[in-house]
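The primary structure of each chain is shown beneath.
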Amino acid sequence: MLNDLDISAIIVTIKLASLSTAILILIGTPLAWWLSQTRIKFKVIIEAFIALPLILPPTVLGFYLLLTLGPNGPIGEFLESLGGSSIAFTFSGLVVGSVIYSLPFVVQPLQNSFSSVGRQSMEVAATLGASKIDCFFTVAVPLARSGFITAAVLGFAHTIGEFGVVLMIGGNIPGETGVLSIAIYDHVETMEYGKAHWLSAGLLIMSFLMLIFVYVFNRHFSIMRYKD
Amino acid sequence: MIECKLNIQLEGFKLDAKFTIPDKGITVVFGPSGSGKTTLLRAIAGLEKSDTGFLKVGDSIWQSDHNFVPTHKRQIGYVFQDAALFDHLNVEGNLNYVIKRKTGLTKEFIDSIYTLLDIKPLINRSTVQLSGGEKQRVAIARALLTNPKILLLDEPLSALDIKRKKEILPYLDSLHNQLDIPILYVTHSQDETSRLADHLMLIEDGKIIGNGPINEILTRFDLPLSHSSDAISIFDARVMSRDTDFNLMHLEFKGGQFIVPDNKLPIESLVRIRVAARDVSITKKKQTDTSILNIFPAVVEEMVPEGDAQVMVRLTLKGVVLLACLTRKSAYSLKLDQGLSVFIQVKSVAILS
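Residues numbered from 1 in each chain as written. Chains lettered and ligands numbered in written order. Predicted model: local features only at pLDDT ≥ 70, side-chain atom pairs only at ≥ 80, totals over all residues. Heavy atoms only, no water.

Novice: Help me understand the overall build of chain B, please; the structure alone is not making it clear to me.
Specialist: A count of helices and strands for chain B gives eight helices and 21 strands. For a compact globule of 353 residues, the expected C-alpha radius of gyration is about 20 Å, and chain B comes in at 23 Å, within 12% of that figure. Taken along the three principal axes of its C-alpha coordinates, chain B extends 70 × 50 × 35 Å. Buried residues in chain B amount to 54% of all 353 residues. Here chain B displays about 16,300 Å² of accessible surface, and carbon together with sulfur accounts for 50% of that area. (Helix = DSSP H or I, 4+ residues; strand = E, 2+ residues; numbered from the N terminus. Rg over C-alpha atoms; globule rule 2.2 N^0.38 Å. Buried < 20%, exposed > 50% of the residue type's maximum accessible area, 1.4 Å probe, protein only. Areas by Shrake-Rupley, 256 points an atom, 1.4 Å probe, with all protein chains shown as cover.)

Novice: Sorry if this is basic, but what is going on with the overall build of chain A here?
Specialist: A tally of helices and strands in chain A yields ten helices and zero strands. Secondary structure of chain A in N-to-C order comes out as α-α-α-α-α-α-α-α-α-α. In terms of overall dimensions, chain A has C-alpha extents of about 65 × 45 × 30 Å along its principal axes. The buried share of chain A, taken over its 228 residues, is 43%.

Novice: Would you mind going over the packing of helix α1 (residues 4-37) of chain A against helix α5 (residues 91-127) of chain A with me for this structure?
Specialist: Helix-helix packing is described using two parameters, namely the angle between the two axes and the distance between the axes. Residue and element names in this part refer to chain A. Contact geometry for α1 and α5: axes closest at 5 Å, N-to-C directions at 40 degrees. For the element pair α1 / α5, the angle class is oblique. Between α1 and α5 lies a crossing of right-handed hand. Residues belonging to the contact of α1 with α5 are distributed by class as follows: 21 nonpolar, nine polar and two charged. (Axes fitted to C-alpha atoms, helices over the stretch in contact; angles between N-to-C directions. Parallel < 35°, antiparallel > 145°, perpendicular 65-115°, else oblique. Left-handed = near helix turned anticlockwise from the far one by under 90°. Nonpolar A, V, L, I, M, F, W, Y, C, P; charged D, E, K, R; others polar.)

Novice: Just to check I follow, could you spell out unusual backbone geometry for this structure?
Specialist: For residues besides glycine, phi is generally negative; the peptide bonds are generally trans as well. All names here are of chain B. At Ala-84, a residue that is not glycine, the phi angle is positive and equals roughly 55 degrees. Inspection of the secondary structure puts Ala-84 in the loop between β7 (76-79) and α2 (91-101). Taking relative accessible area as the criterion, Ala-84 reaches 13% and is therefore assigned buried. A positive phi angle, near 60 degrees, is found at Asn-247, a position not held by glycine. Structurally, Asn-247 is set in the loop between β12 (232-243) and β13 (248-253).

Novice: Would you mind going over the sheet that holds strand β19 (residues 320-327) of chain B with me for this structure?
Specialist: Sheet strands associate in pairs through backbone hydrogen bonding, adopting either a parallel or an antiparallel arrangement. Residue and element names in this part refer to chain B. Taken together, the five strands give an open sheet; going across it, the order is β16-β20-β17-β18-β19, and neighbouring strands pair in antiparallel fashion. This sheet does not close on itself; its edge strands, each paired only once, are β16 (280-283) and β19. Taken over all neighbouring pairs, the strand axes of this sheet differ in orientation by 45 degrees on average, direction set aside. (Pairing = 2+ DSSP bridges.)

Novice: Just to check I follow, could you spell out the domain arrangement of chain B for this structure?
Specialist: Interface size, as often reported, equals the accessible area lost upon joining of the parts. Residue and element names in this part refer to chain B. One can read the domain layout of chain B as domain 1 (2-213) and domain 2 (232-351). Note on domain 1 versus domain 2: buried area summed over both sides is about 330 Å², and carbon and sulfur give 35% of it. For the pair domain 1 and domain 2, the interface holds two salt bridges. We note a salt bridge from Arg-272 to Asp-198, for which the minimum N-O separation is 3.4 Å. Across the domain 1-domain 2 interface, the total number found is four residue pairs in polar contact (both at pLDDT 80 or more). Here the element with the most residues in the side of domain 1 that touches domain 2 is helix α6 (residues 190-196); it accounts for five residues. In terms of residue class, the side of domain 1 that touches domain 2 is built from two nonpolar, three polar and three charged. (Domains from an automatic or database assignment. Buried area = accessible area lost by both parts, 1.4 Å probe. Salt bridge = Lys/Arg side-chain N within 4 Å of Asp/Glu carboxyl O. Polar contact = N/O pair within 3.5 Å; in protein donor to acceptor, adjacent residues only side chain to side chain.)

Novice: Even after reading the chapter, I still don't get the side chain of Ser-121 of chain A, so can you show me in this structure?
Specialist: Among the secondary structure elements, Ser-121 of chain A is positioned in helix α5. Excluding residues that lie within four positions of it along the chain, Ser-121 of chain A makes contacts with Val-139 and Leu-143 of chain A together with Phe-86 of chain B. (Contact = heavy atoms within 4.5 Å.)

Novice: Teacher, can you tell me more about the interface of chain B and chain A here?
Specialist: Listed per partner, the contact involves 21 residues of chain B and 22 residues of chain A. In this assembly, chain B packs against chain A so that about 1,900 Å² is buried in total across both faces, 59% of it on carbon and sulfur atoms. At the surface where chain B touches chain A, the tally comes to two salt bridges. In this structure, the salt-bridge partner of Arg-42 of chain B is Glu-123 of chain A, at a minimum N-O distance of 2.7 Å. The interface formed by chain B and chain A includes five residue pairs in polar contact (both at pLDDT 80 or more). Counting residues per element, the ones that place at least two in the side of chain B that touches chain A are β7, α2 and α4 (132-144) of chain B. The dominant element in the side of chain B that touches chain A, judged by the number of residues it contributes, is α2 of chain B, at three residues. Class assignment for the residues of the side of chain B that touches chain A results in ten nonpolar, four polar and seven charged.

Novice: When you look at helix α5 (residues 162-178) of chain B in this model, what are you seeing that I'm missing?
Specialist: Structural remark: α-helix, 3.6 residues per turn; residues separated by three or four positions point the same way. Residue and element names in this part refer to chain B. Spanning 17 residues, α5 covers 25 Å between terminal C-alpha atoms, matching the ideal 24 Å at 1.5 Å per step. The largest bend in α5 is about 30 degrees, located at Ile-168, with the proline Pro-170 one to four residues further on. Taken as a whole, α5 has its buried residues at Ile-168, Leu-169, Tyr-171, Leu-172, Asp-173, Ser-174, Leu-175 and His-176. (Expected span 1.5 Å × (residues − 1). Bend = angle between axes of the 7 residues up to and from the residue.)

Novice: Before we go on, may I ask you to explain the pairing of strand β14 (residues 256-261) of chain B in this structure?
Specialist: Taken residue by residue, a regular strand's side chains alternate between the two faces of the sheet. Judged from the six bridges that link them, β13 of chain B and β14 of chain B form a sheet pairing that is antiparallel. The residue bridging Met-249 of chain B from the neighbouring strand is Val-260 of chain B, located in β14 of chain B.

Novice: It is not clear to me how the packing of aromatic side chains should be interpreted in this structure. Could you clarify?
Specialist: Counting across every chain of the model gives 15 aromatic pairs over all chains. Taking 5.4 Å as the distance between ring centres and 90 degrees as the angle between the ring planes, the aromatic pair formed by Phe-253 of chain B and Phe-296 of chain B counts as edge-to-face. Residue Phe-253 of chain B is found in strand β13, and its partner Phe-296 of chain B is found in strand β17 (residues 294-306); the two are separated by 43 residues along the sequence. Across the pair, exposure class does not vary: Phe-253 of chain B and Phe-296 of chain B are buried alike. Aromatic ring contacts, followed pair by pair, group Trp-33, Phe-114, Phe-136, Phe-137 and Phe-148 of chain A into a single cluster. Taking the ring centre of Phe-68 of chain B as reference, the NZ or CZ of Arg-74 of chain B above it sits at 4.8 Å. The ring of Tyr-97 of chain B carries the charged tip of Arg-101 of chain B above its face, separated from the ring centre by 3.7 Å. (Phe/Tyr/Trp six-rings, centres within 6.5 Å; stacked < 30°, edge-to-face > 60°. Lys NZ or Arg CZ within 6 Å of the ring centre and 35° of its normal.)

Novice: Would you mind going over the sheet that holds β14 of chain B with me for this structure?
Specialist: All names here are of chain B. The strand order β14-β13-β12-β15-β21 describes an open sheet built from five strands, whose pairing is antiparallel. For this open sheet the edge positions go to β14 and β21 (350-351), each flanked by a neighbour on one side alone. Here two bridges tie strand β15 (residues 270-276) to β21, and the two strands are oriented antiparallel to one another. Paired with Arg-274 across the bridge in β21 is Ala-350.

Novice: Would you take a moment to explain the pattern of salt bridges for this structure?
Specialist: Where side chains of opposite charge bring their charged atoms close, a pairing between them can arise. All names here are of chain B. Enumeration over the complete set of coordinates arrives at 22 salt bridges over all chains. Between Arg-274 and Asp-191 there is a salt bridge, with its nearest N and O atoms 3.7 Å apart. Remark: Asp-191 occurs in helix α6 and Arg-274 occurs in strand β15; sequence separation between them is 83 residues. The class of Arg-274 is partly exposed, set by a relative accessible area of 23%. A salt bridge links Asp-262 to Arg-242; the nearest nitrogen and oxygen atoms lie 2.8 Å apart. Of this pair, Asp-262 sits in the loop between β14 and β15 while Arg-242 sits in strand β12, and the two are 20 residues apart along the sequence. In this structure Asp-262 comes out as buried when scored by relative accessible area, which is 15%.

Okay, structure coming up:
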């Protein structure tokens, strides 16, 4: 069935997806809020930039990340000048790559649900004595909760499924950067179809269950928020 | 007193609001759609920002040249057109949203507001289970819990059908009678205006064209309301006595006594009377052989032609101002002129409260 490498790949993958999702929600929330409220002219450029990983071949993204994060890249050099080391081929590097790669999957649902919260609810809260930050946490966030669920699930699932980026900047180091999608690829390479099946079917079922959860949850809230 | 001098520039629209209104009673802001009524309320609430200007409500200055108090620091109660309750909270949650943020609200104060709007039966309901009228009641209660210095109501009845309107109007009457704070009430409904307004502010294309006690604004010839085909006069009266033989009641007002069908209002209750200009006719001598019960001596104050065939006449009877709409022919044959003493016959009277 599963060997030690597979187990470690599962652990690394879940660790990576959880950490990336947490970081994505932290970065994506203010970014999505800002995008939903701002009327600045170059907003489309920022939106297009965030959406880039949706259509860019992951290997292209991985390649540029490798150049940037590697020992000779600007970020790699910066980290080394601080006495650290380049984060290419490390777990941290994978997290950075995953965050960038999954950003649109988190920002877009959040931005959509923040937009549908609308200006009026925020204005009502202001007339009731709530400051801007208070309005945000007590009105915008609860009203956008379905967006948060969608964003978190999509961000998590998408991070689990990435292949090209992790291959380029991870290097498949067991226990460190060896993730599930690469483990499956390795099994197929060595003709271990049975093992590939275990992992693949597991991912398939899990993805399906997560999507069912998103749909059920959002339907539940669209009923809760039904307006006559 | 509320002093306002605000300029708001929006895309394709400019509001120039300079006025003072008294700090008691309902001031209705009346005007056609797109005239800037809502923008005016939003400006007072601080939801629209004007770069310079002055706004003082009671003893609080909310805007003076460089000092703009943000909305959440203004003590206002704002009721939006569609109630705008928070759907993620139930009725109690909506009300607690304010209670949590205001310090020093006494239980008596909260209870008095719940009683005023009859909130108790609704408190555990979800907002989606409420009717339009119930939503507005909760929204008004929520706005009042802020212990506001001014209550702003933006067309609170416009989204409701007639049945729901009737349901909520008594609550608005009790706000009117029991609240000590000024209320600014935006509407384009003549019915709501004549029933609720103590003061009337007319707004057109972003400009305040008239502002004063309701009957003054209704009857001034330099303002549009006195020229419409449904021009009216409004004044207050008191139920004085009843005539049980004929089932009538006598209403006393400054200019005399109206006799109207008894509608069972208790003696001494205050009522508001509406007289349509087209229900008032003028005679030179007091008619005695007429079916009309309400005849008063009056003096012609001013008259203007209304279209080709009619004239609008403004009369005073012991200080009460009233409009009469006549044909030009009648005015000619009666030789009506300013200062002439005449008798007016009022064919019908509407009691508004």
